[in-house]
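Spelled out, the chains give:
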Amino acid sequence: MNTDTTVHHVTQPGANIFLELGFAPAEAERLQAASQQQIDDARVEMPGRIGKPTKPNVG
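About the cut-offs
- For every chain, the first residue of its written sequence is number 1, and the numbers climb from 1 along that sequence.
- Only residues with pLDDT of at least 70 get local features here, since the model is predicted, and only at 80 or more are side-chain atom pairs given and counted; chain-wide, interface and lining totals rely on the full set of residues.
- Heavy atoms throughout the structure, all of them, feed into the side-chain values; hydrogens and water do not.
- Strands are runs of DSSP state E lasting at least two residues, helices are runs of H or I lasting at least four, and both sets are numbered from the N terminus onward.
- Exposed residues in this analysis have more than 50% of their type's maximum accessible area, buried residues have under 20%, and partly exposed residues fall in between, with area computed by a 1.4 Å probe over protein chains only.
- The accessible surface values rely on the Shrake-Rupley method and a 1.4 Å probe; as for residues, cover is taken only from the protein chains in view.
- Put simply, a patch holds well-exposed residues, over 30% relative accessible area, that have no salt bridge, with like charges counted together within 9 Å and Val, Leu, Ile, Met, Phe, Trp or Tyr side chains within 5 Å.
- We define a salt bridge as a side-chain nitrogen of Lys or Arg found within 4 Å of a carboxyl oxygen belonging to Asp or Glu.

A.B. asks: I would appreciate a short explanation of the overall build of the protein chain in the present structure.
C.D. replies: A count of helices and strands for the protein chain gives two helices and zero strands. Per-residue burial over the protein chain gives 7% buried out of 59 residues. Here the protein chain has roughly 5500 Å² of accessible surface; of this, 57% comes from carbon and sulfur atoms.

This is the structure we're talking about:
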């Protein structure tokens, strides 16, 4: 059996992924705002660590 690994769609930066997933426009806006808030909160809590690998704490 062959597995299709072709990329069929790429969401553009700034697009609302929730709209693309089929959520109603009002719900998509709410979900996007909530998601962005969580991202912003994480950046405040862990400045300089978002997107960077962490080293395990051994000791």
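Additional details are given in the paragraphs that follow.
A.B. asks: Quick question: what am I supposed to make of a nonpolar patch on the surface here?
C.D. replies: A contiguous nonpolar patch, built from Ile17, Leu21 and Phe23 and spanning about 280 Å² of accessible area, is present on the exposed surface. Inspection of the secondary structure assignment puts Leu21 in the loop between helix H1 (17-20) and helix H2 (25-45). With relative accessibility at 58%, the residue Leu21 sits in the exposed group.

A.B. asks: How should I be thinking about the pattern of salt bridges in this particular structure?
C.D. replies: Here the idea is simple: oppositely charged side chains can pair when their charged atoms come close. Within this structure, the stated rule accounts for one salt bridge. Arg30 serves as the salt-bridge partner of Glu27, at 2.9 Å between the closest nitrogen and oxygen. Of the two residues, Glu27 and Arg30 are both situated in helix H2; the distance of three residues between them amounts to about one turn of the helix. According to the relative accessible area criterion, Glu27 is partly exposed, its value standing at 30%.

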